[in-house]
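Each chain, written out:
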Amino acid sequence: MTTVTAIDADEGAGLYALAHLDALESEAVHIFREVAGEFERPVILFSGGKDSIVMLHLALKAFAPAAVPFSLLHVDTGHNFPEVIAYRDDTVARHGLRLHVASVQEFIDNGRLRERPDGTRNPLQTVPLLDAIERNRFDAVFGGGRRDEEKARAKERVFSLRDEFGGWDPRRQRPELWQLYNGRHSPGEHVRVFPLSNWTELDVWQYIAREKIDLPRIYYAHEREVFRRGGMWLAPGEWGGPKDGETVERRMVRYRTVGDMSCTGAVESDAVTIEQVIDEIAASRLTERGATRADDKLSEAAMEDRKREGYF
């Protein structure tokens, strides 16, 4: 239900403002509808992580009672959490959506990519992503990136123009005054679109609570086998962990963000309900990527380098 509050009389009689979550929802719905009107072949990146789940929920709202006019795309590293893949497939079936899967493993098998020594596949996602965009002629790609996550993402516009190689150039980004978005692009170029740009992690969780959105149980505290590496609790798996000297333990943990198992760390937690998760996030002084994503720690500019190469 949309909440409206009266603005102070000194600011103008008869004016009203949407409550915070309603304003964020309204902005995201507007972005989805704007893309539907401007582009021919948009696609939504959907991994089964919380941000892509909220993004799909907003898309469903934007076009209800009609079907979402976009397909979904997942760049599958092959090292995903089983709970998240199960959630992805169930969601696709429940809503009757079309899912494109770009497999990192296939690119390794055919020699277009080489496995990294550290076993981490998140940095290998760029080539399969760009291949899927080119092959399917997607001209707009929705991503769940938020400006509060990481300093490179803080520079993004809502409509992020990418060149014919998928690369991001900050000098080519357009101003977005008064929620006016410029989707013009040359043949071969495309636009990445971020409906959650102005949301925070806390906003996302409060919206999940308000809308009663179901999530993979991995986001709530549960007992799990983990081992310590680089200051993070990682899940053991075929990707190459644990190594000699790394001991597997059973601990109560949850995940704040979900990516490749090899670089996504769990946090120790006893937050088993959404209210407890919200309280935990409100007290945190670290972003979810800063606290739990090893791929962002490869260098000071790891995310920005990946954006220039064609990733998000």
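In this report, we go over the structure that sits alongside the text. Please read these numbers as outputs of a predicted model, since none were measured by experiment.

Close contact between helix α1 (residues 20–38) and helix α2 (residues 50–63) brings their axes to 9 Å; oriented N to C, the two are set at 70 degrees. As judged from the angle between their axes, α1 and α2 are roughly perpendicular. Taken together, the residues of α2 that come into contact with α1 (itself represented by E25, A28, V29, F32, R33 and A36) are M55, L58, A59, K61, A62 and F63.

Taken as a whole and judged by the stated rule, the model has 11 aromatic pairs. With a centroid separation of 5.8 Å and an interplanar angle of 80 degrees, the aromatic rings of W205 and Y220 are classed as edge-to-face. Here W205, found in helix α6 (residues 201–211), pairs with Y220, found in the loop between α6 and β9 (222–229); they are 15 residues apart in sequence, far enough to count as distant. Taking the relative accessible area as the measure of exposure, W205 reaches 0% and is therefore buried. Summarising the aromatic geometry, the rings of F227 and W239 are spaced 6.1 Å apart at their centres and angled 25 degrees between planes, so their arrangement reads as stacked. Of this pair, F227 sits in strand β9 while W239 is found in the loop between β10 (232–234) and β11 (249–254), placing the two residues 12 residues apart along the sequence. We note that F227, like W239, is buried.

Another point: the pairing of strand β3 (residues 42–45). Here β3 shows a buried face lined by P42 and I44 and a second buried face lined by V43 and L45. Alignment of β3 against strand β6 (residues 140–142), held across three bridges, turns out to be parallel. Residue pairing for β6: I44 is matched across the bridge by F142. With three bridges connecting them, β3 and strand β4 (residues 71–76) associate as parallel partners. Across the sheet, V43 pairs through a bridge with S71, a residue of β4.

Every buried residue belonging to helix α7 (residues 274–283) is among I274, V277, I278 and I281, and all of these are buried. Along the axis of α7, the buried residues cluster in a sector spanning 100 degrees; they form a single face. Exposed side chains of α7 directed beyond 90 degrees from the buried face belong to E275, D279 and A283. Here the buried face of α7 lies against α6 and β11.

With that settled, the discussion passes to unusual backbone geometry. At the junction of A64 and P65, the peptide bond is cis and its omega measures out at 5 degrees in the coordinates. As for its placement among the helices and strands, P65 is situated in the loop between α2 and β4. For R137, which is not glycine, the phi dihedral falls at a positive 55 degrees. On the secondary structure map, R137 appears in the loop between α5 (126–136) and β6. Of the residues examined, R137 reaches a relative accessible area of 57% and is grouped as exposed. Although it is not a glycine, Q179 adopts a positive phi angle of roughly 55 degrees. If you trace the backbone, Q179 turns up in the loop between β7 (159–162) and β8 (190–193).

Cut-offs used in this document
- Residues numbered from 1 in each chain as written.
- Predicted model: local features only at pLDDT ≥ 70, side-chain atom pairs only at ≥ 80, totals over all residues.
- Heavy atoms only, no water.
- Axes fitted to C-alpha atoms, helices over the stretch in contact; angles between N-to-C directions.
- Helix = DSSP H or I, 4+ residues; strand = E, 2+ residues; numbered from the N terminus.
- Parallel < 35°, antiparallel > 145°, perpendicular 65-115°, else oblique.
- Contact = heavy atoms within 4.5 Å.
- Phe/Tyr/Trp six-rings, centres within 6.5 Å; stacked < 30°, edge-to-face > 60°.
- Buried < 20%, exposed > 50% of the residue type's maximum accessible area, 1.4 Å probe, protein only.
- Pairing = 2+ DSSP bridges.
- Arc of directions from axis to C-beta.

Distances and angles like these do not, on their own, reveal function.
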